[in-house]
Amino acid sequence: MTTPQPRPAVEIRDLHKSFGPLEVLKGIDFEVDHGEVVCVIGPSGSGKSTLLRCVNLLEEPTAGKIWVNGVEVTDPDVEIDTVRRGIGMVFQSFNLFPHLTVLDNLTIAQRRVLRRGRGEAERIARDNLERVGLTDKAAAFPAQLSGGQQQRAAIARSLSMEPKLMLFDEPTSALDPELVGDVLTVMRKLAEDGMTMLVVTHEMAFARDVADRVVFMDGGVVVEQGPPREVLGAPQHERTRSFLSRVLDPTHVAQLGQPDQAPEPPEPPHLPADDRHNL
Ligand SMILES: Nc1ncnc2c1ncn2[C@@H]1O[C@H](COP(=O)(O)OP(=O)(O)OP(=O)(O)O)[C@@H](O)[C@H]1O
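Since we're looking at a predicted model, the values are computed, not measured. (Residues numbered from 1 in each chain as written. Predicted model: local features only at pLDDT ≥ 70, side-chain atom pairs only at ≥ 80, totals over all residues. Heavy atoms only, no water.)

## Considerations on the UniProt feature "domain: ABC transporter" (unreviewed entry) in the protein
UniProt feature "domain: ABC transporter" (unreviewed entry): in the numbering of this structure it lies at residues 10–244. Counted over residues 10–244, helix gives 37% and strand 26%. Its end C-alpha atoms are 26 Å apart. (UniProt positions renumbered as here; feature names shortened; annotations may be inferred. Helix = DSSP H or I, 4+ residues; strand = E, 2+ residues; numbered from the N terminus.)

Printed below as a string of structure tokens:
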């Protein structure tokens, strides 16, 4: 007898999504395995955010099916709030409560949704603040943090709910360039810790260095997917090549395809280094 294989962390089958007459997703299929990091790249308007938002039903698919950790979230009988508890989502904007301290931002959902006591919620929150390099910011208010620190606090808030899957929707695109590195370093550490991650990003170096698989979307379909070195370094489709030629300089594209000549990733910045951005 064969043991049944565990279902992937995310399975997306023939997913369609329209907004009125606009068909944004035109039949998407792919999976994310447990512990896998999948980066979704593609031109603006190709449907990347809509795809991500369908995974936790922030958008309701028009057709198709999605399973998260074996539960079909598109089944109308499934209690979506229960499924969402296992999914962390980090957006472009941080959405921290401005009137609460960082610590309280991290404990409020734990206490209200997971019914954790204050002591346990604070312990978990402080562990996660340490994980993102913000131990010393527990008592600060969001306005006293840099954008990068606020995004790291938002990641720590998601992690405090102990999700099995993390969704990132362009988490660095609202940040000043000098703050991007620290957020990517936190995400890289999460990946190394084995977190399952589905990441919509324009950060090609992150996709190259951290993703197990890259999914290239254009016009509401998956044009190609595979290991970063294949999709970014030796794309099979003209649409992928055309996109990459617009977002990467030619030297970079050539290097992506040649492991021996691939540039060393930049030294990750030390996490607390952006304290100079404190207001
Ligand atoms: N709630 C909505 N109502 C109507 N149209 C929408 C809605 N959300 C997204 N769209 C449209 O769907 C298309 C895809 O948007 P989406 O945000 O998914 O693209 P994207 O690939 O993430 O783009 P970007 O890289 O610019 O964020 C766009 O034409 C957008 O205007």
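## Focus on the site of the ligand
Lining the immediate surroundings of the ligand are 13 residues, of which Ser44, Gly45, Lys48, Ser49 and Thr50 lie closest. Between the ligand and glycine 47, the relevant distance is 3.0 Å, taken from an oxygen atom to a main-chain nitrogen or oxygen of the residue. With respect to the ligand, the side chain of glutamate 170 contributes an N or O atom lying 3.1 Å from an oxygen atom. Where the shell around the ligand is concerned, the elements lending two or more residues are β2 (22–32) and α1 (48–55). The greatest single-element share of the shell around the ligand, amounting to three residues, is contributed by α1. A per-class count over the shell around the ligand returns four nonpolar, seven polar and two charged. (Near = heavy atom within 4 Å. Polar contact = N/O pair within 3.5 Å; in protein donor to acceptor, adjacent residues only side chain to side chain. Nonpolar A, V, L, I, M, F, W, Y, C, P; charged D, E, K, R; others polar.)

## Brief notes about unusual backbone geometry
One non-glycine residue, asparagine 95, lies in the positive phi region at around 55°. Mapped onto the elements, asparagine 95 comes out in the loop between β6 (87–90) and α3 (102–112). Of the residues examined, asparagine 95 reaches a relative accessible area of 48% and is grouped as partly exposed. In this structure, glutamate 170 is a non-glycine residue whose phi angle is positive, near 45°. (Buried < 20%, exposed > 50% of the residue type's maximum accessible area, 1.4 Å probe, protein only.)

## Things to note about the environment of valine 113
Structurally, valine 113 is set in the loop between α3 and α4 (118–131). Distance in space between the C-alpha atoms of valine 113 and methionine 161 is 9.1 Å, their sequence separation being 48 residues. Among residues more than four places away in sequence, those in contact with valine 113 are Arg85 and Met161. (Contact = heavy atoms within 4.5 Å.)

## Quick notes on the packing of α3 against helix α5 (residues 147–160)
The geometry of α3 relative to α5 is characterised by a closest axis approach of 9 Å and an angle of 30° between their N-to-C directions. In terms of orientation, α3 and α5 fall into the roughly parallel class. Between α3 and α5 lies a crossing whose hand is right-handed. Contacts between α3 and α5 involve Val102, Asn105, Leu106 and Gln110 from the former and Ala153, Ala156, Arg157 and Ser160 from the latter. Class assignment of the residues belonging to the contact of α3 with α5 gives a composition of four nonpolar, three polar and one charged. (Axes fitted to C-alpha atoms, helices over the stretch in contact; angles between N-to-C directions. Parallel < 35°, antiparallel > 145°, perpendicular 65-115°, else oblique. Left-handed = near helix turned anticlockwise from the far one by under 90°.)

## As for the pairing of strand β3 (residues 37–41)
Along β3, five of the five residues are buried, which leaves the element largely enclosed by surrounding structure. In the sheet, β3 pairs with strand β8 (residues 196–200) via four bridges, with the strands oriented parallel. In the sheet register, cysteine 39 faces β8, and the bridge partner there is valine 199. Of the pairings in the sheet, the one linking β3 to strand β9 (residues 213–218) comprises four bridges and is parallel in character. The residue bridging valine 38 from the neighbouring strand is arginine 213, located in β9. (Pairing = 2+ DSSP bridges.)

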